[in-house]
Amino acid sequence: MEIKNPVGWFEIYVDDMDRAQKFYENILQVQLEILTDPTEDSEEKIMMRSFPSDMQQYGASGALVYMDGFKAGGNSTLVYFSCEDCSVEEARIEAAGGKVFKTKMSIGEYGFISLGRDTEGNMFGLHSLK
């Protein structure tokens, strides 16, 4: 049996797409792209902004999502963004309108993590090997 990575996609639900997009673009220094509504005939308003990705590389990509009736924050899923050194991205969190929850800390042989809250109240992680 072939072993596969358990995560194939992630979505971070937001209440204010422009605010959330600006936050993640500032923290990660990337440009998010508009994704069209995958349901096409949806009566609900859905907006999506995808994180840049290379489908041939290790890991999963995902998107920020605004959907009528689905509030941001208060969820129990934690997404970790890969970084060269998570202290660099951590240093951008508060200036971008978020809050640092846990500063860079060692997780032993697995590297280092930082935890933050975005402008929508979602907790997220940053992970690096140095």
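Shown above is the structure to which this text applies.
Not measured: the values here are computed from a predicted model.

Visitor: Account for the overall build of the protein, with residues named and values stated.
Guide: Assigned secondary structure in the protein consists of two helices and eight strands. Traced from its N-terminal end to its C-terminal end, the protein shows the element sequence β-α-β-β-β-β-α-β-β-β. The C-alpha radius of gyration of the protein comes to 15 Å, within 12% of the 14 Å expected for a compact globule of 130 residues. Seen through its principal axes, the protein has C-alpha atoms that stretch 50 × 45 × 25 Å. With 130 residues in all, the protein has 37% of them scored as buried.

Visitor: Tell me about the side chain of threonine 119, residues and numbers included.
Guide: Along the chain, threonine 119 falls in the loop between strand 7 (112-117) and strand 8 (123-128). The buried category is assigned to threonine 119, whose relative accessible area is 19%. Of the polar contacts made by the side chain of threonine 119, one reaches the side chain of glutamate 120; its length is 3.0 Å. The residues touching threonine 119, leaving out its near neighbours within four places in the chain, are Arg19, Ala20, Phe23, Ala96, Gly97 and Gly98.

Visitor: Before we move on, could you go through helix 1 (residues 17-28) and cite the residues and values that matter?
Guide: Over its 12 residues, helix 1 extends 16 Å from the first C-alpha to the last, a length consistent with the 16 Å expected when each residue adds 1.5 Å. All of the buried residues along helix 1 are Met17, Ala20, Gln21, Phe23, Tyr24, Glu25, Ile27 and Leu28. Capping of helix 1 at its N-terminal end is provided by aspartate 16; its side-chain oxygen lies 3.3 Å from the backbone amide nitrogen of aspartate 18. Directly after helix 1, the chain includes glutamine 29, whose backbone phi takes a positive value near 55°.

Visitor: Mind laying out the environment of aspartate 15, listing which residues take part and the relevant values?
Guide: Inspection of the secondary structure puts aspartate 15 in the loop between strand 1 (9-13) and helix 1. Overall, the relative accessible area of 31% leaves aspartate 15 in the partly exposed class. On a C-alpha basis, the gap between aspartate 15 and lysine 71 in space is 6.4 Å, while along the polypeptide they are 56 residues apart. Within the structure, the side chain of aspartate 15 is placed 3.4 Å from the side chain of lysine 71, a separation counted as a polar contact.

Visitor: Outline the pairing of strand 4 (residues 61-67), supporting the account with residue identities and numerical values.
Guide: For strand 4, a buried count of six out of seven residues is recorded, marking the element as mostly surrounded by other parts of the structure. Alignment of strand 1 against strand 4, held across five bridges, turns out to be parallel. Bridge pairing in strand 4 places phenylalanine 10 opposite glycine 62. Strand direction decides the pairing type here: strand 3 (residues 46-50) and strand 4, joined by five bridges, are antiparallel. By the bridge assignment, arginine 49 is partnered in strand 4 with leucine 64.

Visitor: With reference to specific residues and values, describe the pairing of strand 5 (residues 79-82).
Guide: Of the two faces of strand 5, the one lined by Val79 and Phe81 is fully buried and the one lined by Tyr80 and Ser82 carries no buried residue. Bridge count between strand 5 and strand 8: four bridges; the pairing is parallel. Bridge pairing in strand 8 links tyrosine 80 to glycine 125.

Visitor: Please give an account of the nonpolar core that cites residues and values.
Guide: Counting residues in each nonpolar core, the largest one holds 21 residues, and the members touching the most others are Tyr24, Phe51, Leu64, Phe81 and Leu126. Residue assignment for this core shows that the elements contributing at least two residues are strand 1, helix 1, strand 4, strand 5 and strand 8. Once you skip the residues sitting within four places of it in the chain, phenylalanine 51 turns out to touch Phe10, Ile12, Tyr24, Leu28, Leu32, Ser61, Gly62, Ala63, Leu64 and Phe81. Among the nonpolar cores identified, the runner-up in size contains five residues, and Ile46, Met48, Ala63 and Val65 belong to it.

Rules behind the numbers
Residues numbered from 1 in each chain as written. Predicted model: local features only at pLDDT ≥ 70, side-chain atom pairs only at ≥ 80, totals over all residues. Heavy atoms only, no water. Helix = DSSP H or I, 4+ residues; strand = E, 2+ residues; numbered from the N terminus. Rg over C-alpha atoms; globule rule 2.2 N^0.38 Å. Buried < 20%, exposed > 50% of the residue type's maximum accessible area, 1.4 Å probe, protein only. Polar contact = N/O pair within 3.5 Å; in protein donor to acceptor, adjacent residues only side chain to side chain. Contact = heavy atoms within 4.5 Å. Expected span 1.5 Å × (residues − 1). Pairing = 2+ DSSP bridges. Core = buried A, V, L, I, M, F, W, Y, C linked by side-chain atoms within 4.5 Å.

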